[in-house]
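As a plain string of letters, each chain reads:
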Amino acid sequence: IHCCTSSVNMIKPLLANFPNLHVGFTGVITFKNVDEIIETVKSVPLNRLLLETDGPYMAPMPFRGAVAHSGMIPFTAVKLAEIKGVSLEELMKQVRTNTKNIYGF
């Protein structure tokens, strides 16, 4: 799922019915007042997560409003690791594995 901003109620059935489905999160998870999206992040297993920019939109804080690019991914990754309660290193290793599983390299 590209640029996920959906609710848990939308994502859970998709994860259950599509075992190869992965969910991409952008800098939007770093914004204020995104409690519903944070709950969605919590509901997605680590082995189904992806990081993305959705460039040129969705730049993470502190760059909100700027053109998003891949150099900003670490800001999203830090927030994603915080939400999932894992180290940044663990998150990045798992997301890399997830990306390899999808694209085959």
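Residues numbered from 1 in each chain as written. Predicted model: local features only at pLDDT ≥ 70, side-chain atom pairs only at ≥ 80, totals over all residues. Heavy atoms only, no water.

1. Some points on the overall build of the protein
As a reminder, the rule being used: Think of it this way: any DSSP run of H or I at least four residues long counts as a helix, any run of E at least two long counts as a strand, and we number them from the N terminus. Radius of gyration here uses only the C-alpha atoms, and the compact-globule reference equals 2.2 Å multiplied by the residue count raised to the power 0.38. Exposure is judged per residue with a 1.4 Å probe applied to protein chains only, and the accessible area is read against the type maximum: over 50% gives exposed, under 20% gives buried, and values in between give partly exposed.
Along its length, the protein carries 4 helices and 2 strands. From first element to last, N terminus to C terminus, the protein shows the α and β order α-β-α-β-α-α. Whereas a compact globule of 105 residues would reach a radius of gyration of roughly 13 Å, the protein reaches 13 Å, a difference of no more than 12%. Considering the protein as a whole, with its 105 residues, one finds that 43% of them fall into the buried category.

2. Focus on the pattern of salt bridges
The condition is simple: By definition, a salt bridge exists where a carboxyl oxygen of Asp or Glu is found within 4 Å of a side-chain nitrogen of Lys or Arg.
Applying the stated rule across the entire model yields 3 salt bridges. Note that E39 is salt-bridged to K42, the shortest N-O span being 3.2 Å. Taken together, the residues E39 and K42, both in helix α2 (residues 35–43) and 3 residues apart, mark about one turn of the helix. Look at E39 and you get partly exposed, because its relative accessible area is 41%. Using a relative accessible area of 46% as the deciding quantity, one classes K42 as partly exposed.

3. What about helix α4 (residues 88–103)?
Note the following rule: The span one expects for a helix is its residue count, reduced by one, times 1.5 Å. This arc is built from the directions going out from the helix axis to the C-beta atoms. Here, residues are in contact when the closest pair of their heavy atoms is within 4.5 Å.
Compared with an ideal rise of 1.5 Å per residue, which puts 16 residues at 22 Å, α4 spans 22 Å between its outermost C-alpha atoms and is within 8% of the ideal. Within the sequence span of α4, burial applies to L91, V95 and N98. Buried positions in α4, seen along its axis, are confined to an arc of 60° and lie on one side of it. In α4, the exposed residues that point more than 90 degrees away from the buried face are E89 and K93. The elements touched by buried residues of α4 are β2 (49–51) and α3 (73–84). Just past α4, the residue G104 takes up positive phi, approximately 80°.

4. Points about the packing of α3 against α4
Under the convention used in this document: Working convention: axes come from line fits to C-alpha atoms, limited for helices to the stretch in contact. Angles between N-to-C directions cover 0 to 180 degrees. Oblique is the label for any angle not covered by the other classes, which are roughly parallel (under 35 degrees), roughly antiparallel (over 145) and roughly perpendicular (65 to 115). Only Asp, Glu, Lys and Arg are considered charged, only Ala, Val, Leu, Ile, Met, Phe, Trp, Tyr, Cys and Pro nonpolar, and every remaining residue, Gly among them, polar.
In the contact formed by α3 and α4, the axes pass within 9 Å of each other and the chain directions differ by 105°. Of the possible angle classes, the one that applies to α3 and α4 is roughly perpendicular. Contacts from A77, V78, L80 and A81 of α3 reach α4 at L88, L91 and M92. Among the residues forming the contact of α3 with α4, the class breakdown is 7 nonpolar, no polar and no charged.

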